[in-house]
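Geometric and topological summary
Residues per chain, in single letters:
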Amino acid sequence: MSVKNMSKTISVDYIWNKELALQTSKLFYDYDMRHSAKRYIGWFFVALVQFGIVGALKHESYGILYLSTFLVFYWYFGRWFLRKRMLLNFYKKNMPQDTQVHFIIDTEGLHKDKKRIPWEEITRIIELENGILVQSLHDTLFFQNSAFGSVDERKEFLALAKDKGKR
């Protein structure tokens with residue numbers, strides 16, 4: 001399938017709501033933590049904390065033991081919990097509920113109302129099982145598989161993204 005001769009546009013329609021905003025953030029957060037250097041920093045951090053726990057038990061220093069335990073819980077559970085709370089607060093203050101979103105995608109970029117995201121501003125496109133994450137310089141979007149008009153349109157979008165060097 002050649003996308004250089006593509007004259008057809010791809011339409012993406014979905015309803016933006018709080019649940020989709022949290023799902024998008026969680027998907028991007030999980031992907032980023034699995035595919036970035038941050039995970040190695042995290043492993044190093046957890047290893048240091050484990051040495052702190054062993055040292056605290058050996059010297060009966062319960063303050064260090066509590067601090068080390070708190071840091072381990074924060075690393076594994078607290079970061080997403082705090083991020084989620086901040087997102088919910090931001091969403092309540094700044095976002096309308098259940099907003100209908102319509103994107104037109106063509107060889108120039110992604111178009112929504114008067115807003116345009118040119119392909120040059122898109123940093124990467126990540127294909128996931130349940131949709132596609134689109135990261136630009138200013139936004140992160142998530143197009144669920146059901147947002148595309150058909151499976152063929154989804155494939156055309158991925159082919160266009162590959163042609164533009166974003167995959």
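Okay, so let's go over this structure. Keep in mind that this is a model prediction, so the values were computed, not measured.

1. What to know about the pattern of salt bridges
Tallying each qualifying case throughout the model produces five salt bridges. Residue Arg-124 pairs with Asp-32 through a salt bridge whose shortest N-O separation is 3.6 Å. Taken together, the residues Arg-124 in strand β5 (residues 122-128) and Asp-32 in helix α1 (residues 18-34) connect sequence positions 92 residues apart. When its relative accessible area of 18% is taken as the criterion, Asp-32 is described as buried. In this structure, Arg-116 and Glu-108 form a salt bridge, with 4.0 Å as the shortest nitrogen-oxygen distance.

2. A short note on the sheet that holds strand β3 (residues 109-112)
Strand order in this open sheet of four strands is β1-β2-β3-β4, and the pairing throughout is antiparallel. Two strands in the sheet have a free side with no partner beyond their single neighbour: β1 (10-16) and β4 (115-118). Sheet twist, expressed as the average angle between the axes of neighbouring strands with direction ignored, equals 20°. Those strands touched by helix α4 (residues 151-163) are β1 and β2 (99-106), and its axis lies near 105° from that of β1.

Criteria and cut-off values
- Throughout, residues of each chain are indexed from 1 in the direction in which the sequence is written.
- Where local features are concerned, this predicted model is filtered to residues with pLDDT of at least 70; where side-chain atom pairs are given and counted, the filter is 80 or more; whole-chain, interface and lining totals use all residues.
- Each side-chain value is worked out from all heavy atoms of the structure, with water and hydrogens disregarded.
- Whenever a carboxyl oxygen of Asp or Glu lies within 4 Å of a side-chain nitrogen of Lys or Arg, that contact is scored as a salt bridge.
- Secondary structure is summarised from DSSP: a helix means a run of H or I of at least four residues, a strand means a run of E of at least two, and numbering begins at the N terminus for each.
- Only protein chains enter the accessibility calculation, which uses a 1.4 Å probe. A residue is then buried if its area is under 20% of the maximum for its type, exposed if over 50%, and partly exposed in between.
- Any two strands between which DSSP finds at least two bridges are classified as paired.
- To get an axis, a line is fitted to the C-alpha atoms, and for a helix only the part in contact is used. The angle between two axes follows their N-to-C directions and goes from 0 to 180 degrees.
- Contact criterion: two residues are considered in contact whenever any of their non-hydrogen atoms come within 4.5 Å of each other.

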